[in-house]
Amino acid sequence: MLSDDRKEMLQAYCRIDVLEDGEEALLEALYEAAVGYMTQAGVSEPAEGTPRRALYDLCVNALVLDSYDVRGAQSVG
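On a predicted model such as this, the values are computed, not experimentally measured, just so you know. (Residues numbered from 1 in each chain as written. Predicted model: local features only at pLDDT ≥ 70, side-chain atom pairs only at ≥ 80, totals over all residues. Heavy atoms only, no water.)

Novice: How would you explain helix α2 (residues 23-40) if you had to name every residue and give the values?
Specialist: In a regular helix each residue adds 1.5 Å, so 18 residues correspond to 26 Å; α2 covers 25 Å between its end C-alpha atoms and thus fits that length. For α2, every residue scored as buried is listed here: E23, L27, L30, Y31, A34, V35 and M38. Seen end-on, α2 carries its buried residues on one side only, within an arc spanning 135°. Facing away from the buried side of α2 by more than 90 degrees, the exposed set consists of A25, T39 and Q40. Note on α2: the residue one or two positions beyond its end, G42, has a positive phi of about 90°. (Helix = DSSP H or I, 4+ residues; strand = E, 2+ residues; numbered from the N terminus. Expected span 1.5 Å × (residues − 1). Buried < 20%, exposed > 50% of the residue type's maximum accessible area, 1.4 Å probe, protein only. Arc of directions from axis to C-beta.)

Novice: Now, about the environment of L63: what can you tell me, with residues and values included?
Specialist: Structurally, L63 is set in helix α3 (residues 51-69). Measuring from C-alpha to C-alpha, the distance between L63 and A33 comes to 8.8 Å, with 30 residues separating the pair along the chain. The contact partners of L63, leaving out residues within four places of it in the chain, are A34, Y37 and M38. (Contact = heavy atoms within 4.5 Å.)

Novice: Any details on the packing of helix α1 (residues 4-14) against α3? Residues and values, ideally.
Specialist: Their axes nearest at 10 Å, the elements α1 and α3 cross at an angle of 60°. As summarised for this structure, α1 and α3 are arranged oblique, according to the angle between their axes. For the crossing formed where α1 meets α3, the hand is right-handed. Together, R6, M9, L10, Y13 and C14 of α1 and D57, L58, V60, N61, A62, V64 and L65 of α3 make up the contact between the two elements. Partitioning the contact of α1 with α3 into residue classes produces 9 nonpolar, 1 polar and 2 charged. (Axes fitted to C-alpha atoms, helices over the stretch in contact; angles between N-to-C directions. Parallel < 35°, antiparallel > 145°, perpendicular 65-115°, else oblique. Left-handed = near helix turned anticlockwise from the far one by under 90°. Nonpolar A, V, L, I, M, F, W, Y, C, P; charged D, E, K, R; others polar.)

Novice: Can you lay out the pattern of salt bridges for me, pointing to particular residues and giving the numbers?
Specialist: Under the defined criterion, the tally for this structure stands at 5 salt bridges. With a closest N to O distance of 3.7 Å, D57 and R6 form a salt bridge. Separated by 51 residues along the polypeptide, D57 in helix α3 and R6 in helix α1 bring together distant segments of the chain. Taking the relative accessible area as the measure of exposure, D57 reaches 11% and is therefore buried. The residue R53 makes a salt bridge to E48 at a minimum N-O spacing of 3.0 Å. Relative accessible area serves as the criterion here: at 6%, R53 is assigned to the buried category. By sharing partners, the salt bridges in this structure join R6, E45, E48, R53 and D57 into a single network. (Salt bridge = Lys/Arg side-chain N within 4 Å of Asp/Glu carboxyl O.)

Given below as structure tokens:
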């Protein structure tokens, strides 16, 4: 679940001033997908307030931003 504080942090990181219709659900889904990706990679969610948590949040933020910015199929060549 995406808390209000975490949502505000993600919006600031992604430079989203206002969420348009449907984007709140999108942002929550992207967050859950990023957390799931980290879990499948063997990276557990650390305790709040630890230096490791700051690194974890930064990785999750980067995954969310990439997914938010690139919403279509990508191909090379």
